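Residue strings, one per chain:
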Amino acid sequence: MSVERYNPREMEPRWQKVWDDAQSFAASNDDPREPYYVLEMFPYPSGRIHMGHVRNYAMGDVVARYHRARGKNVLHPMGWDAFGLPAENAAIERKTHPGTWTRQNIAAMKTQLKSMGLSLDWTREIATCEPDYYQHQQALFIDMLAAGLITRKKSKVNWDPVDMTVLANEQVIDGKGWRSGAPVEQRELTQWFFKISDYAEELLSGLDGLTDWPEKVRTMQRNWIGKSEGLRLLFELLPAQTTAATSIEVFSTRPDTIFGASFLALSPDHKLTSELAANNPALTEFVAECHRLGTATEVLEKAEKKGVFTGLYVKHPVIEGATLPVYVANFVLMDYGTGAVFGCPAHDQRDLDFARKYDLPVLPVVLPPDGDAASFAVADEAFTDAGTIYNSQFLDGLSIDDAKRQAADYFAARSVDGKPQGKVEINYRLRDWGISRQRYWGCPIPVIHCEVCGTIPVAKKDLPVVLPEDVSFDKPGNALDHHPTWKHVNCHQCGGPATRETDTMDTFVDSSWYFARFTAPQAPTPTIPAVANAWLPVDQYIGGVEHAILHLLYSRFFTRAMKATGHVNIDEPFKGLFTQGMVTHETYKSPKGDWVAPTDIVLESQGEVRTARHLQSGEPITIGSIEKMSKSKKNVVDPDEIVAAYGADTARWFMLSDSPPERDIQWTEAGVEGASRFQQRVWRLVGETIALIGQSKSTVRENDDAEGLALRKIVHRAVQQVADDIEGLRFNRAVAQIYELTNALVRSAGIAGAAPATRLDALEQGVERLIQLIAPMMPHLAETCWEALGKTGLVADALWPEVDPAMLVDDSVTLPIQVNGKRRGEIVVPKGTPSAEVEQLVLSLEAIARMLDGKPPKKIVIVPDRIVNVVV
RNA sequence: GCGGGCGUGGUGGAAUGGUAGACACACCGGACUUAAAAUCCGGAGGGGGUAUCCCCGUGCGGGUUCAAGUCCCGCCGCCCGCACCA
């Protein structure tokens, strides 16, 4: 019979409407079934979805639909990370309001997402730019402020003097603002901070429990938190006229090398530096030079180690009569440790570079295991490995770790300025999270500055603090600050004049708790704790690895802060995390060297050689490297065009096939064609099966012949393995299993012309289950087939097929026979055949006898039901 | 520099220490067709015998084991993250 081609363009919108009308994917907070929360990182509403979104959401949807089929109450919501800079830039360029631009983009992207057929609960949609979201964020802020989790302090920032705003490090390129091109200045600004560093230890130790996270991400967070154990050590200053200070405190993780110390170095931002610079023009100039370098990391990396001698000396803390010069050095960071270090050039590369430049002594105090104490010397490379301490009086002969402890004890017992000279301390690299942004399009910080009452939070009854609509972006800087009236208020405490805080929050705050808001998106409080606790933590979170540190760390902190303020009662927001790879595509270049879009070329192949030429001009095009899809390289493929041409199911299927989900996937036309062909193949199989069944209606479900039983086994095995693979997020393997099952079913249908009724029944049941296996991945096709097969209800509501354990075991097994580890043959034996019997069979094999050549085997290894290895 | 990951056919990739290359893409051959598309069947790691057999083969070199892509040691290459963190 001939079957009409499956037409996704017609069927996909139809099923989307059916799901919509039935509210198939709306989750109820009162549902008694086991809850399962799957979440994909919500998008920034840039205006269009890209293939990365398609991949991300296709994966999440498979998980969501699978767990629904497993009878769980699945929460699978979607929202918009809707505040941020691009909206303001668009406002400047197009003279539209950021809100208008953002809301238009949301509408457009929502249409696109809907066309993908995702099983999303749209009744819970949230957009962080709407007051009904951010008012609750303001309430959280006020609670956290009251709980002492927020502080206001001065901090050094990258300041763009033209745009009049703070820039993140990555927005500073070669010391210049990425937009304005103006040289970036370092400024001290008073900023609001979340005290994330208070949670450094907890955030670090909590990582050990996150066993369903990629090891890579946990490692990255560990490094970011950067715990180090060391000693705070006081150095006594020799009396000097230039300062009243009597000591300098340094932090060192290597107090074992104290006898190798040859100088002290202060940060340019150390308060003693500032004091000394007041009367020292050379030092003032040096500090200014350091500041001009900015904080951009690549600049700092290349900078030469430089310093200025302060004229001060400190006493060596152990060696009687010895002194060390005090420098200000450009490589000493103020916000780590104490902003001062002692330099031990022999065992630290930076100190060595510095010592060589200023001719300071280099005395080795750690001897390499194979080193000779009399001759060992450090040249251009500091020795930082393990060894034995020497040249160090009472530390001589100790290991590094023992010497650290000895030194710590020694200094703890002595005192300087009435304090212990040394104190063991744990330091973290993690700094407090500065959230102040001089921006309009963000969540207003709910604080007022009153002349009488000081800086105080807005009263909760006065929330939300709403962004004014009538803003102008004509002037650079913060449009909120420029607004003529908005910031002027009366203090709710004293009634006197006050001004609103005009800084808004970092958009990372918005995304640090949206997962909690989804559990009760219309609640009058930020969360309904009982509801949030029932859903959270998110069982499976899926997104890009680019958020491995900031977003995920902030969310982990925020969850703890919400616990401290009574909004949730959990520590970790995301139980399972999965980071998917990027979508890549070939690049194309014209003879002139310009990038050319894939839609503007024609590919040709002769044999295995592929060439390309320009669609319009016909000029030859060079096929270039495979890169992440990006507008600048023009190698993007628009999801809309793919959906229009092939349907959403094809795009989804392709995204799940072939490449392991954590790795990059290359988008190819051939791959899409293949996915589309498979879709048609399934549709044809269903059509053929219906035709076969129609000829011979059977209800017999037993007495299978061998063929029928074999087919049933294949089906049960596939159901089991696809389930295992989806649960393990190995979508590419699940797809491969489905291909195998389909091939088996197609073969079976092909030879089923005069088959007995039981075999047709096995085929029918197999096809039915195939459709269920496909349903999480190609849901529209699955619904169409389900309906065609005459099944009642939606496949989206059907429970996952049961697996009969008896169908997973075989009663006979194929044993490969190896001779000396190389396969020489195989035998088929009943399962559980005793080893002795197997041995007889093996030795009687002609091929084995030939290999033995009449000699007795040295040894026969028999792994029951697995393999036989004959050693000769 | 530190940390993590990876290296398997023409390609993407499979493989609890147990038959390496599942599945797919591309390719080649055949069937159907006036022809093409679509579809179906078949082939295929390399080399040799060209039958039903043998040798080599998972970046390179060693090792453990009856058996190694997988475990251990040492190299090489690529990718990612972090980095003046004392």
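Treat the numbers as computed from the prediction; the structure is a model and nothing was measured. (Residues numbered from 1 in each chain as written. Chains lettered and ligands numbered in written order. Predicted model: local features only at pLDDT ≥ 70, side-chain atom pairs only at ≥ 80, totals over all residues. Heavy atoms only, no water.)

## Comments concerning the overall build of chain A
Each helix and strand counted, chain A has 26 helices and 39 strands in total. A buried classification covers 52% of the 872 residues belonging to chain A. Restricting the contact set of chain A to residue pairs at least 6 apart, pairs at least 24 apart contribute 71%. Per element, the accessible surface of chain A, about 39,400 Å² overall, is 51% carbon and sulfur. For chain A, the distance from the average site of its 92 positive side-chain charges to the average site of its 114 negative ones is 1 Å. (Helix = DSSP H or I, 4+ residues; strand = E, 2+ residues; numbered from the N terminus. Buried < 20%, exposed > 50% of the residue type's maximum accessible area, 1.4 Å probe, protein only. Contact = heavy atoms within 4.5 Å. Areas by Shrake-Rupley, 256 points an atom, 1.4 Å probe, with all protein chains shown as cover. Lys, Arg positive; Asp, Glu negative; His and termini not counted. Charge placed at Lys NZ, Arg CZ, Asp CG, Glu CD.)

## As for the protein's contact with RNA strand B
Taken together, 51 residues lie near RNA strand B, and Thr253, Lys305, Arg350, Arg733 and Arg866 sit nearest. Here, RNA strand B places atoms within 4 Å of the protein, and 63% of those atoms are sugar or phosphate. For RNA strand B, a base oxygen lies 2.4 Å from a polar atom in the side chain of Lys305. Looking at the surface near RNA strand B, the element that brings in the most residues is helix α22 (residues 731-750), giving 6 residues. Grouping the amino acids of the surface near RNA strand B by side-chain chemistry returns 19 nonpolar, 11 polar and 21 charged. (Near = heavy atom within 4 Å. Polar contact = N/O pair within 3.5 Å; in protein donor to acceptor, adjacent residues only side chain to side chain. Nonpolar A, V, L, I, M, F, W, Y, C, P; charged D, E, K, R; others polar.)

## So, the pattern of salt bridges
Enumeration according to the criterion identifies 42 salt bridges in this entry. Ionic pairing is found between Asp212 and Lys575, a salt bridge with its closest N-O pair at 3.1 Å. Within this pair, whereas Asp212 is found in the loop between α6 (200-206) and α7 (215-225), its partner Lys575 is found in the loop between α17 (550-564) and β29 (577-580), the two being separated by 363 residues in sequence. A relative accessible area of 38% means that Asp212 is categorised as partly exposed. The partly exposed category is assigned to Lys575, whose relative accessible area is 43%. Between Arg232 and Glu249 there is a salt bridge, with its nearest N and O atoms 2.8 Å apart. Placement of Arg232 in strand β10 (residues 227-236) and of Glu249 in strand β11 (residues 247-252) is noted, with a sequence separation of 17 residues between them. Taking the relative accessible area as the measure of exposure, Arg232 reaches 21% and is therefore partly exposed. Taken together, the shared-partner salt bridges connect Glu202, Arg556, Arg560 and Glu572 into one network. (Salt bridge = Lys/Arg side-chain N within 4 Å of Asp/Glu carboxyl O.)

## A few points about the sheet that holds strand β1 (residues 35-40)
A sheet is described by the order of its strands in space; here 4 strands give the open sequence β2-β1-β28-β29, paired in parallel fashion. Among the strands making up the open sheet, the edge pair consists of β2 (73-75) and β29. Each adjacent strand pair in this sheet contributes to an overall mean axis angle of 20°, direction not counted. Contacting β1, β2, β28 (540-544) and β29, helix α2 (residues 51-69) crosses the sheet at an angle of about 175° to β1. (Pairing = 2+ DSSP bridges. Axes fitted to C-alpha atoms, helices over the stretch in contact; angles between N-to-C directions.)

## Focus: the UniProt feature "domain: Aminoacyl-tRNA synthetase class Ia" (unreviewed entry) in chain A
According to UniProt, the feature "domain: Aminoacyl-tRNA synthetase class Ia" (unreviewed entry) maps to residues 430-601 and 627-667 in the numbering used here. Across residues 430-601 one finds 20% helix and 23% strand; the C-alpha atoms that close the span lie 49 Å apart. Between the C-alpha atoms that bound residues 627-667 there is a distance of 10 Å. The span itself is 41% helix and 10% strand. (UniProt positions renumbered as here; feature names shortened; annotations may be inferred.)

## With respect to the packing of aromatic side chains
A full pass over the atoms with the stated rule returns 43 aromatic pairs. Plain terms: the ring middles of Phe263 and Phe354 are 5.0 Å apart, the flat faces sit at 35° to each other, and that makes the pair tilted. Here the residue Phe263 occupies a position in strand β12 (residues 263-266), and Phe354 occupies one in helix α11 (residues 349-358), the gap between them amounting to 91 residues. Looking at Phe263, the relative accessible area reads 0%, which means it is buried. Between Phe508 and Tyr554, the aromatic rings sit 5.4 Å apart at their centres with planes inclined by 65°, giving edge-to-face as the arrangement. (Phe/Tyr/Trp six-rings, centres within 6.5 Å; stacked < 30°, edge-to-face > 60°.)

## Digging into the state of the cysteines
Here the structure, examined in full by the defined rule, presents 0 disulfides. Unpaired in terms of disulfides, Cys491 finds its nearest cysteine sulfur in Cys450, a separation of 3.7 Å. (Disulfide = S-S within 2.5 Å.)

## Quick look at the domain arrangement of chain A
For chain A, the domain assignment lists domain 1 (228-428), domain 2 (584-628), domain 3 (679-808) and domain 4 (812-871). If you average the C-alpha positions of domain 2 and of domain 4, the two centres end up 55 Å apart. (Domains from an automatic or database assignment.)

## Side note on unusual backbone geometry
Cis peptide bonds are those with omega within 30 degrees of zero, and the linkage from Leu463 to Pro464 qualifies with -5°. Its place among the elements puts Pro464 in the loop between β24 (454-457) and α13 (479-482). Looking along the chain, the bond that leaves Leu536 and enters Pro537 is cis, with omega of -5°. Following the sequence through the fold, Pro537 ends up in the loop between α16 (529-535) and β28. Backbone geometry at Lys634 places phi at a positive 60°, although glycine is not the residue there.

## So, the nonpolar core
Residues Phe194, Tyr514, Phe558 and Trp667 are the most contacted members of the largest nonpolar core, which totals 174 residues. For Trp667, the contacting residues outside a window of four places in its chain are Met51, Val583, Thr584, His585, Met629, Val637, Ile642, Phe654, Met655 and Val672. Listed in part, the 37 residues of the second largest apolar core include Leu233, Leu237, Phe286 and Val308. (Core = buried A, V, L, I, M, F, W, Y, C linked by side-chain atoms within 4.5 Å.)

## A few points about the sheet that holds strand β21 (residues 433-434)
The 4 strands are arranged β6-β5-β9-β21 in an open sheet whose pairing can be described as antiparallel. The sheet is open, and its two edges are formed by β6 (165-167) and β21, each paired on a single side. Judged from the 3 bridges that link them, strand β5 (residues 150-160) and β6 form a sheet pairing that is antiparallel. Pairing of Trp159 across the sheet is with Val166, part of β6. Of the strands in this sheet, β5 and β9 (185-194) are in contact with helix α5 (residues 131-146), which crosses β9 at around 90°.

## What about the side chain of Thr273?
Structurally, the position occupied by Thr273 is in helix α8 (residues 271-277). Here Ser267 takes part through its backbone oxygen, which lies 2.8 Å from a polar atom of the side chain of Thr273. If sequence neighbours within four positions are ignored, Thr273 has contacts with Leu266, Ser267, Pro268, Leu283, Val287 and Val328.

## So, the side chain of Arg556
Within the secondary structure, Arg556 sits in helix α17. Contact partners of Arg556, with chain neighbours within four places excluded, come to Glu202, Leu203, Gly206, Leu207, Leu210, Trp213, Gln221, Asp571, Glu572 and Pro573.

## Here we look at the confidence of the model for chain A
Residues of chain A with pLDDT of at least 70 account for 95%, and the chain-wide mean is 89. Below a pLDDT of 50 lies the segment residues 295-300, which in the model reaches 7 contacts outside its immediate sequence neighbourhood of four places, other chains included. (pLDDT = per-residue confidence, 0-100.)

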